[in-house]
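Results of the structural survey
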Amino acid sequence: MFNLDEYMKDLTEICSYDSGRYNKEGVYQMVDWFKSRYEALGMNTQVIWMDDHEEAPLLIVSNDRSNGGDILNSKTPVDVLFISHLDTVFDTETVKNWPVTVDENGIGHGPGVIDCKGGSLLAYYLIREMLAAGEVNFTFVHAMNTDEEPGSNYSQHFFQHFAERTKYCLVFEPGRANDEFVGVRKGGVKYVIKAHGIGAHSGADFEKGANAIVELCKWIPEITALIDLEKGTTLNIAKIEGGLNNGQVPDLAEAAVRLLYLDPGEVDKVNALMERMQKEPFDKRCHLEVEVKGISRPPMYITENTKTLFAALDKAGAETGVDTSWVTTGGMSDGNWVAHHGVGTLDGCGPCGAGLHTKDEYIKTASVEPRFNVMRQLLLDLFRK
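Here's a quick rundown of the structure. (Residues numbered from 1 in each chain as written. Predicted model: local features only at pLDDT ≥ 70, side-chain atom pairs only at ≥ 80, totals over all residues. Heavy atoms only, no water.)

**What to know about the pairing of strand S15 (residues 326–329)**
Residues Val-327 and Thr-329 point to one face of S15 and are all buried, whereas Trp-326 and Thr-328, pointing to the other face, are not buried. Bridge count between strand S8 (residues 181–185) and S15: four bridges; the pairing is parallel. When the sheet's bridge partners are listed, Arg-185 is paired in S15 with Thr-329. (Buried < 20%, exposed > 50% of the residue type's maximum accessible area, 1.4 Å probe, protein only. Helix = DSSP H or I, 4+ residues; strand = E, 2+ residues; numbered from the N terminus. Pairing = 2+ DSSP bridges.)

Right, here's the structure in full:
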């Protein structure tokens, strides 16, 4: 049923497409590849994008043909939403010097081989083989975006749109190197804090200055005091910069802070601190401003539907002899958008590997067929007539 050699041949082909972030030509090659193959299966396809951002198309595929083929605006409930992304983090022309290779241990290297082209391809193989066997007795949508790596700035709206009529979601991001799935992902917020002081000559007029760096640094202990590892709350001071030279009292300093959390109440605590920073500076001559950068993602947490999904996964694992353990991680995915709406969500459904976002990225080819088998059995068990 599943042919690993064919899978690896297809994976080698799509990893030769240069689909780094917002590389319009490359991402459209990926979209066209999957679009043509799904249409060859008789599936309905649609390419959409947010506003005028045609550099970030979203390909959606479904076996739902209601509403004149308009998948996005159909009212038909979605039994399963498959999610994967077609873009990578790698710079333009990376693929020219980095073809897919597989060593004697079955470890395959290549740009996007595991994140997330291998997962997108596995979802396609799963749907293709189940269609051929007459096993697709559920309504599905496979949503493949091309702006996941920069943060799904343009596509996140569509994931939340589908979540409103979806029961289960399977995210084909990579499985872990030790074959674990991902059950829970933290939510995240990125803050930029700017401290404004008063510049002055550090020798002649030191007392006239208000040091922005000093003001900012006084708040660092306040921020890190909110770290709560038992709750899974972390605040990473990712960058601090400011000042010019020893001859000047700096009038500007800036810090980047990343909050990751499981409990939404932790966001309220951090926001309360950020408000206090702006209202009550240590040095009254200074003032601070706080900006939330990019898109904030909610956590991917366990809902009642998720519990049903996990129970079905354990059953499928027992039936296929596949380990179905899962982990909690701080990394986020598009599954965060969907789970926030109460959708039962399982992540890390793709093949297993590691080295994401680096030249060491690899896929364990021995994990591909077991992943295929357990995901097929999971769907058979969930929708058995």
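**Side note on the packing of helix H7 (residues 304–320) against helix H9 (residues 368–382)**
The N-to-C vectors of H7 and H9 enclose an angle of 125°; their axes lie 8 Å apart at closest approach. Between H7 and H9, the crossing angle belongs to the class labelled oblique. The hand of the H7/H9 crossing is right-handed. Contacts between H7 and H9 involve Leu-309, Ala-312, Leu-313, Lys-315, Ala-316, Gly-317, Glu-319 and Thr-320 on the former and, on the latter, Asn-373, Val-374, Gln-377, Leu-378, Asp-381 and Leu-382. Grouping the amino acids of the contact of H7 with H9 by side-chain chemistry returns seven nonpolar, four polar and three charged. (Axes fitted to C-alpha atoms, helices over the stretch in contact; angles between N-to-C directions. Parallel < 35°, antiparallel > 145°, perpendicular 65-115°, else oblique. Left-handed = near helix turned anticlockwise from the far one by under 90°. Contact = heavy atoms within 4.5 Å. Nonpolar A, V, L, I, M, F, W, Y, C, P; charged D, E, K, R; others polar.)

**With respect to empty space enclosed by the protein**
Inspection of the entire model under this criterion finds one cavity of 30 Å³ or more. The calculated volume of the largest cavity comes to roughly 40 Å³. Of the residues in the lining of the largest cavity, the class split is five nonpolar, four polar and three charged. (1 Å grid on protein atoms, 1.4 Å probe; cavity = no way out; pocket = protein on both sides within 12 Å on 5 of 7 lines; lining within 4 Å. Points joined across faces, edges and corners; volume = space filled by probe spheres on them.)

**Notes on the sheet that holds strand S9 (residues 187–196)**
If you walk across this open sheet you meet the four strands as S11-S13-S9-S14, and the pairing is antiparallel. Every other strand in the sheet has two partners, leaving strand S11 (234–242) and strand S14 (287–297) as the edge strands with one partner each. Across the sheet, the mean angle from the axis of one strand to that of its neighbour is 20°, orientation sign disregarded. Examined bridge by bridge, S9 and strand S13 (residues 252–261) share ten bridges and lie antiparallel to one another. Following the sheet pairing, Val-192 is matched in S13 by Ala-256. Running at roughly 10° to S9, helix H6 (residues 265–279) makes contact with S9, S11, S13 and S14 of the sheet.

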